[in-house]
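Observations on the three-dimensional arrangement
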Amino acid sequence: MRRFIPVLILLTACAETPPTPDDTRLAPEAAPVDLAFCLGDPFADSIGQPVSAIQAVLPERSRVLGPDDIATQDYRIDRLNVYVDDAGIIQRLTCG
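Residues numbered from 1 in each chain as written. Predicted model: local features only at pLDDT ≥ 70, side-chain atom pairs only at ≥ 80, totals over all residues. Heavy atoms only, no water.

Notes on unusual backbone geometry
The line we're drawing: Helical segments are the DSSP runs of H or I of at least four residues, strand segments are the runs of E of at least two, and each set is numbered from the N terminus.
Of note, the phi angle at leucine 39 is positive, near 60°, even though the residue is not glycine. As for its placement among the helices and strands, leucine 39 is situated in the loop between helix H1 (5-13) and strand S1 (62-65).

With respect to the sheet that holds strand S2 (residues 80-84)
Convention followed: Note on pairing: two strands pair once DSSP finds at least 2 bridges between them. Angles here are taken between N-to-C directions and fall from 0 to 180 degrees, while the axes themselves are lines fitted to C-alpha atoms, restricted in helices to the stretch in contact.
One open sheet accounts for three strands, arranged S1-S2-S3; its pairing is mixed. Every other strand in the sheet has two partners, leaving S1 and strand S3 (90-95) as the edge strands with one partner each. The sheet shows a mean angle of 20° between the axes of neighbouring strands, taken without regard to direction. As judged from the four bridges shared by S1 and S2, these two strands associate in the parallel manner. Across the sheet, the residue bridging to arginine 63 is asparagine 81, located in S2.

Describing a nonpolar patch on the surface
Rules: Residues form patches when they are more than 30% accessible in relative terms and have no salt bridge. Like charges link within 9 Å. Nonpolar side chains (Val, Leu, Ile, Met, Phe, Trp, Tyr) link within 5 Å. All accessible areas in this document rest on Shrake-Rupley with a 1.4 Å probe, and a residue is counted as covered only by the protein chains that are shown. The working definition used for a salt bridge is a side-chain nitrogen of Lys or Arg within 4 Å of a carboxyl oxygen of Asp or Glu. Buried residues are those whose accessible area, probed at 1.4 Å on protein chains only, stays under 20% of the maximum for their type, while exposed residues exceed 50% and partly exposed ones sit between those limits.
Residues Phe4, Val7, Leu8 and Leu11 make up a contiguous nonpolar surface patch of about 400 Å² in total accessible area. If you trace the backbone, leucine 11 turns up in helix H1. Exposure remark for leucine 11: the relative accessible area of 58% places this residue in the exposed category.

Remarks on the pattern of salt bridges
According to the stated counting rule, one finds three salt bridges in the structure shown. The shortest N-O distance in the salt bridge between aspartate 78 and arginine 61 comes to 2.7 Å. One end of the pair, aspartate 78, is in the loop between S1 and S2; the other, arginine 61, is in the loop between H1 and S1, and 17 residues separate them in sequence. Look at aspartate 78 and you get partly exposed, because its relative accessible area is 31%. The salt bridge partner of aspartate 74 is arginine 79, with a shortest N-O separation of 3.3 Å. Overall, aspartate 74 belongs to the partly exposed group, its relative accessible area being 38%. When its relative accessible area of 10% is taken as the criterion, arginine 79 is described as buried. Here the salt bridges share partners, and the residues they tie into one network are Arg61, Arg76 and Asp78.

So, the confidence of the model for the chain
Spelled out, the test is: How sure the predictor is of each residue is captured by pLDDT, a score from 0 to 100.
Of the residues in the chain, 80% reach a pLDDT of 70 or more, and the chain-wide mean stands at 83. Mean pLDDT values for the elements of the chain range from 73 in H1 up to 95 in S2.

Have a look at this one:
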């Protein structure tokens, strides 16, 4: 049995490696998010705007999350998540 190990190692070394992914491909579009569950429909057009423009009128159970913020992993369909970048610009909105 031990005499087959070097043969298997050689066969593994000669195996064809998978091609590297092409970085020029576009990422698939994300499915549209239904923000009705978390009362986020009025804010759907706010992406690209500063969060300070809507922060005072966000629903009660919403949270604003920056790129380095820590968030709980519990899923609440009635909570609006507002994701912002370092400059405070809204990047995306989700329920949960």
